[in-house]
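Here is how the chains run, residue by residue.
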Amino acid sequence: EPATWIERLPAKFQQSILWKADYETGNLEQWSIPTSKDPGGGVLLTDEDNVTAKATTEMAHSGKYSGEATIRNAIRATRGSKAVRFMRWATDGYDQGGVDLPMEAYYSTWVYLPEAYDPKKQAPWDPGDGGWWNVFQFKSNDEQNESQSAWTLNIQKDPQSRQLSCYLYSHINTEKSWSPREAVKIPVRQWFHIEAFVKVSAEEAGQIEIWLDGVSIIRADKVRTAVNSPHPNIVWGIGNYTDHIAGGSKIGTATIYFDDSLISTQPASPFAARDPQAPSGR
């Protein structure tokens with residue numbers, strides 16, 4: 001039997017895969033291709049002394065390895081942002097036949113949170129943003145070819161229920177924030193699947209939709225999904241990015257695991273909805 005969840009997907013769906021990372025190389029080279037001079041992606045770190053990105057055997061959705069993103073000393077927004085970001089902006093290395101990501105595609109990954117982390121800031125250390133924790137994002141290049149944030153999927157912790165939930169944020173639109181249609185619980189200590197469909201548009205003609213474990217939870221229509229540019233594009237990233245995190249065993253420290261990450265022209269969510277999940281992640 002194939003070792004990874006991606007390998008077990010139907011052959012017809014596999015034909016729609018533009019890029020994938022199952023981490024079974026034992027490193028992160030699927031995100032940043034070492035044999036390519038222009039790999040079309042990369043592992044980007046902010047405050048390298050306090051962040052770690054690696055492949056690990058400590059946790060896996062399928063196969064032996066997953067990607068691990070850890071930040072430390074993210075405390076009260078007083079020590080700056082910390083980030084591990086796994087990013088793709090092409091289907092392969094540009095010098096290996098890769099091309100920019102398409103105007104319409106699906107982006108998905110399995111995620112494991114070992115603890116119910118909480119990004120909420122308390123006065124007097126809240127600079128006014130209330131706290132944020134970006135785990136899934138899209139960026140776009142502006143007219144100067146500089147990468148700009150377009151959309152982020154953030155996780156938050158409800159102070160009453162103590163449950164984790166999520167919301168979409170986009171500073172490039174008039175409406176900035178979109179919440180799930182109904183109450184959504186983000187699992188802890190269990191693998192869950194996040195997928196986004198994006199129709200790229202620098203005008204108000206784009207679309208973004210989010211699925212959690214095969215269920216559509218957020219959809220934004222007639223929105224800008226790319227910054228204003230003669231040649232709008234999209235860059236996808238997953239990771240661990242904030243300037244404050246608590247709720248775990250050590251304030252300022254948080255780890256996220258990712259596995260079986262995909263870019264495809266067809267949705268992976270129907271297969272994720274049918275996938276049996278073990279609380280241990282194995």
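Report follows, based on the coordinates. (Residues numbered from 1 in each chain as written. Predicted model: local features only at pLDDT ≥ 70, side-chain atom pairs only at ≥ 80, totals over all residues. Heavy atoms only, no water.)

Description of the sheet that holds strand β14 (residues 235-242)
No. 1: With respect to topology, seven strands assemble into an open sheet ordered β2-β5-β14-β7-β8-β9-β10, the strand pairing being antiparallel. Two strands bound the open sheet, and with one partner strand each, they are β2 (41-46) and β10 (177-178). (Pairing = 2+ DSSP bridges. Helix = DSSP H or I, 4+ residues; strand = E, 2+ residues; numbered from the N terminus.)

Some words on the packing of aromatic side chains
No. 1: Applying the stated criterion to the full structure yields 18 aromatic pairs.
No. 2: Three or more aromatic residues joined by ring pairs form one cluster here, namely Trp19, Trp31, Phe86, Tyr107, Phe136, Phe138, Trp236 and Phe258.
No. 3: Of note, Arg76 hangs over the ring of Trp125, and the distance from its end group to the ring centre comes to 3.7 Å.
No. 4: The residue whose ring lies beneath Arg85 is Tyr241, and the NZ or CZ to ring-centre distance is 4.9 Å. (Phe/Tyr/Trp six-rings, centres within 6.5 Å; stacked < 30°, edge-to-face > 60°. Lys NZ or Arg CZ within 6 Å of the ring centre and 35° of its normal.)

Quick look at the side chain of Thr91
No. 1: Mapping Thr91 onto the fold places it in the loop between β5 (82-88) and β6 (104-112).
No. 2: The exposure class assigned to Thr91 is buried, which follows from its relative accessible area of 16%.
No. 3: When near neighbours in sequence (up to four residues on either side) are disregarded, Thr91 contacts Leu18, Trp19, Gly98, Val99, Asp100 and Leu101. (Buried < 20%, exposed > 50% of the residue type's maximum accessible area, 1.4 Å probe, protein only. Contact = heavy atoms within 4.5 Å.)

Digging into the environment of Ile194
No. 1: Residue placement: Ile194 occurs in strand β11 (residues 192-199).
No. 2: Accessibility expressed as a relative area gives 5% for Ile194, which makes it buried.
No. 3: Note: C-alpha distance between Ile194 and Asp213 (19 residues apart in sequence) is 6.5 Å.
No. 4: Not counting residues up to four positions away in its chain, the partners in contact with Ile194 are Tyr107, Ser108, Thr109, Val111, Phe136, Leu153, Ile210, Trp211 and Leu212.

Topic: the environment of Glu7
No. 1: Structurally, Glu7 is set in helix α1 (residues 5-8).
No. 2: Remark: the alpha-carbon pair of Glu7 and Asp100, spanning 93 residues in sequence, is separated by 24 Å.
No. 3: Among the polar contacts made by the side chain of Glu7, one reaches the main-chain amide nitrogen of Ala3 at a distance of 3.0 Å. (Polar contact = N/O pair within 3.5 Å; in protein donor to acceptor, adjacent residues only side chain to side chain.)

Let's talk about the pairing of strand β9 (residues 164-169)
No. 1: Counting buried positions over the six residues of β9 gives five, a clear majority of the element.
No. 2: Bridge count for strand β8 (residues 147-157) against β9 is six bridges, and the pairing is antiparallel. Paired with Thr152 across the two strands is Tyr169, which belongs to β9.
No. 3: Counted along the chain from β8 to the antiparallel partner β9, the turn is six residues long, and its residue Arg162 has a positive phi close to 65°.
No. 4: Two elements, β9 and β10, share two bridges in a ladder whose sense is antiparallel. By the bridge assignment, Leu168 is partnered in β10 with Trp178.

Side note on unusual backbone geometry
No. 1: A cis amide bond links Ala123 with the next residue in sequence, Pro124, at an omega value of 5°.
No. 2: Of note, Pro124 is situated in the loop between β6 and β7 (134-141).
No. 3: Positive phi is not limited to glycine here, since Tyr23 has a value of about 70°.
No. 4: With respect to the element layout, Tyr23 can be found in the loop between β1 (17-21) and β2.
No. 5: A positive phi angle, near 65°, is found at Asn145, a position not held by glycine.
No. 6: Structurally, Asn145 can be placed in the loop between β7 and β8.

Points about the pattern of salt bridges
No. 1: This structure, assessed with the given rule, holds six salt bridges.
No. 2: Between Arg219 and Glu209 there is a salt bridge whose closest N-O contact spans 3.7 Å. With a gap of 10 residues between them, Arg219 in strand β13 (residues 215-223) and Glu209 in strand β12 (residues 206-212) connect regions that are remote in the sequence.
No. 3: Members of the salt-bridge network, linked through shared partners, are Lys121, Asp129 and Asp243. (Salt bridge = Lys/Arg side-chain N within 4 Å of Asp/Glu carboxyl O.)

Purely spatial values, then, with no claim about function.
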